[in-house]
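Structural overview
Here's the letter readout for the chains.
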Amino acid sequence: QVQLQESGGGLVQTGGSLRLSCAASGRTVSSYMAWFRQAPGKEREFVATISWIGGRTYYADSVKGRFTISRDNAKNTVYLQMNSLKPEDTAVYTCAAGEPGSSGLYEYTTLPERYNYWGQGTQVTASS
């Protein structure tokens, strides 16, 4: 089993920055990881994903150029650097991980059903 714990959320003014962290424990996450978000009254949406090896990444159009996903496999941790935050970025941000050993080295996916492990989420609020 893999446990995921997010941190780094908070309240920031429009245009500000935050860095989210997601630390995994229990097993080494030898698989793709991702960030999703859910705003009040809206469905969960994909934000960014990263492969296990090689740092291949993919972003939602709404965050491309502003957000950066990265990971430190030695620390079993994935990050989301969020710059130029907008009010529409306000949401609960949740990290997710695929089943260790189930993905290709350079594979990633935007599909939530492909992720087996989910954190509890951290609130990000960007106020105007």
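Here, every reference points to the structure presented above.
Everything numeric here is computed off the predicted structure, so don't read it as measured data. The numbering scheme is per chain: residues are counted from 1 as the chain's sequence reads. With the structure being a predicted model, the display of local features is reserved for residues of pLDDT at least 70 and the display and counting of side-chain atom pairs for 80 or more, all residues being used for whole-chain, interface and lining totals. The basis for every side-chain value is the complete set of heavy atoms in the structure, and neither hydrogens nor water enter the calculation.

Moving on, we come to the side chain of T49. Going along the chain from the N terminus, every DSSP run of H or I of four or more residues is numbered as a helix, and every run of E of two or more is numbered as a strand. Note that T49 resides in strand β5 (residues 45-50). Partly exposed describes any residue whose relative accessible area lies between the buried limit of under 20% and the exposed limit of over 50%, with all areas from a 1.4 Å probe on protein chains only and scaled to the type maximum. Judged by its relative accessible area of 0%, T49 is buried. Side-chain polar atoms of T49 contact the side chain of Y115, separated by 3.0 Å. We call two residues contacting when some pair of their heavy atoms lies within 4.5 Å. Leave out the neighbours within four places in its chain, and T49 touches Y32, M33, A34, R56, T57, Y58, I69, Y108, T109 and Y115. Identification of polar contacts relies on pairs of N or O atoms within 3.5 Å, with a donor-acceptor requirement for protein atoms, meaning one able to donate a hydrogen and the other able to accept it, and with residues adjacent in sequence counted only if both atoms are side-chain atoms.

What characterises a pair of aromatic rings is the spacing of the ring centres plus the angle enclosed by the ring planes. Each Phe, Tyr or Trp ring, with Trp reduced to its six-membered ring, pairs with another whose centre is within 6.5 Å; inter-plane angles below 30 degrees give stacked pairs, above 60 give edge-to-face pairs, and intermediate values give tilted ones. Overall, the coordinates contain seven aromatic pairs when judged by the stated rule. Judged by centre distance (5.9 Å) and plane angle (20 degrees), the rings of Y58 and Y108 are stacked. Within this pair, whereas Y58 is found in strand β6 (residues 57-59), its partner Y108 is found in the loop between β9 (91-97) and β10 (117-118), the two being separated by 50 residues in sequence. The interplanar angle of 70 degrees and the centroid separation of 6.3 Å between the aromatic rings of Y115 and W118 together place this pair among those described as edge-to-face. Relative accessible area serves as the criterion here: at 5%, Y115 is assigned to the buried category. Judged by relative accessible area, W118 falls into the partly exposed class, the value being 26%. Members of the aromatic cluster, joined through ring pairs, are Y32, F36, F46, Y58, Y108, Y115 and W118. One Lys or Arg, R19, reaches over the ring of Y79 and ends 4.0 Å from the middle of that ring. For a lysine, the NZ atom is tested; for an arginine, the CZ atom; a charge sits over a ring if that atom is within 6 Å of the ring centre and within 35 degrees of the ring normal. Positioned over the ring face of F36 is R44, at 5.8 Å from the centre of the ring.

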